[in-house]
Amino acid sequence: MIVRIMGEGQVEVADSHFPELNALDDELLAEMEGGDEEGFRRTLGALLDAVRRLGKPLPDDALEPSELILPAPDASLDEVRQMLSDDGLIPG
C-alpha cells in the first residue's frame with residue numbers, strides 16, 4: 001500500500017505490517033477521544049516512525065496515488081481529528 005506522510009513524501013508499506021500500524025492507530029484514536037495531548041503526540045510520532053521504518057520510500061518524482069494519507073508530525077490534535085474516519089487514520 002502506498003502511504004503519504006503529509007509534508008514528507010510517500011512510502012510503500014507491505015500489507016503484512018498493517019496489524020502493527022493498526023494497533024498504534026487504535027491507541028492514537030483512544031488518546032484523541034480522551035483528550036490526552038501528550039499521549040497523542042507520542043503515539044502519532046510512533047505511528048509515523050513505524051511507517052518510515054517498515055516502508056520503502058518512493059522517489060520524489062513518483063506519481064503513485066496514495067491509498068492512505070497520514071498527518072505531518074507536527075499536526076495538531078484538531079487537524080488529525082478532521083482526518084479521522086470511524087476506524088481511525090488507518091482503515092481496517
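For every chain, the first residue of the written sequence is number 1, and numbering continues from 1 along that sequence. In view of the model being predicted, local features appear only for residues whose pLDDT reaches at least 70, and side-chain atom pairs are presented and counted only at 80 or more, with totals across whole chains, interfaces and linings using the full set of residues. Side-chain measures were taken over the full set of non-hydrogen atoms in the model, leaving aside hydrogen atoms and water.

1. Examining the sheet that holds strand β1 (residues 2-5)
Thinking step 1. Read from one edge of the open sheet, four strands run β3-β2-β1-β4, paired in mixed fashion. Both edges of this open sheet fall to β3 (56-57) and β4 (68-70), since each of them pairs with a single strand only.
Thinking step 2. We call two strands paired when DSSP finds no fewer than two bridges between them. Numbering goes from the N terminus for both helices and strands, where a helix is a DSSP run of H or I of at least four residues and a strand is a run of E of at least two. Two strands pair when backbone bridges link them, and β1 and β4 are joined in this way by three bridges, in the parallel orientation. Paired with R4 across the bridge in β4 is I69.

2. Focus on the nonpolar core
Thinking step 1. Put simply, buried Ala, Val, Leu, Ile, Met, Phe, Trp, Tyr and Cys residues joined by side-chain atoms within 4.5 Å make one nonpolar core. The buried label goes to any residue with under 20% of its type's maximum accessible area, the exposed label to any with over 50%, and the partly exposed label to all in between, with areas taken from a 1.4 Å probe on protein chains only. Core analysis: the largest hydrophobic core is formed by 23 residues, its most contacted members being V3, L21, L47, V51, L70 and I90.
Thinking step 2. Broken down by secondary-structure element, the contributors of at least two residues to this core are β1, α1 (18-33), α2 (37-54), β4 and α3 (77-83).
Thinking step 3. It is α2 that provides the largest number of residues to this core, a total of seven residues.

No statement about biological role is implied by the geometric values presented.
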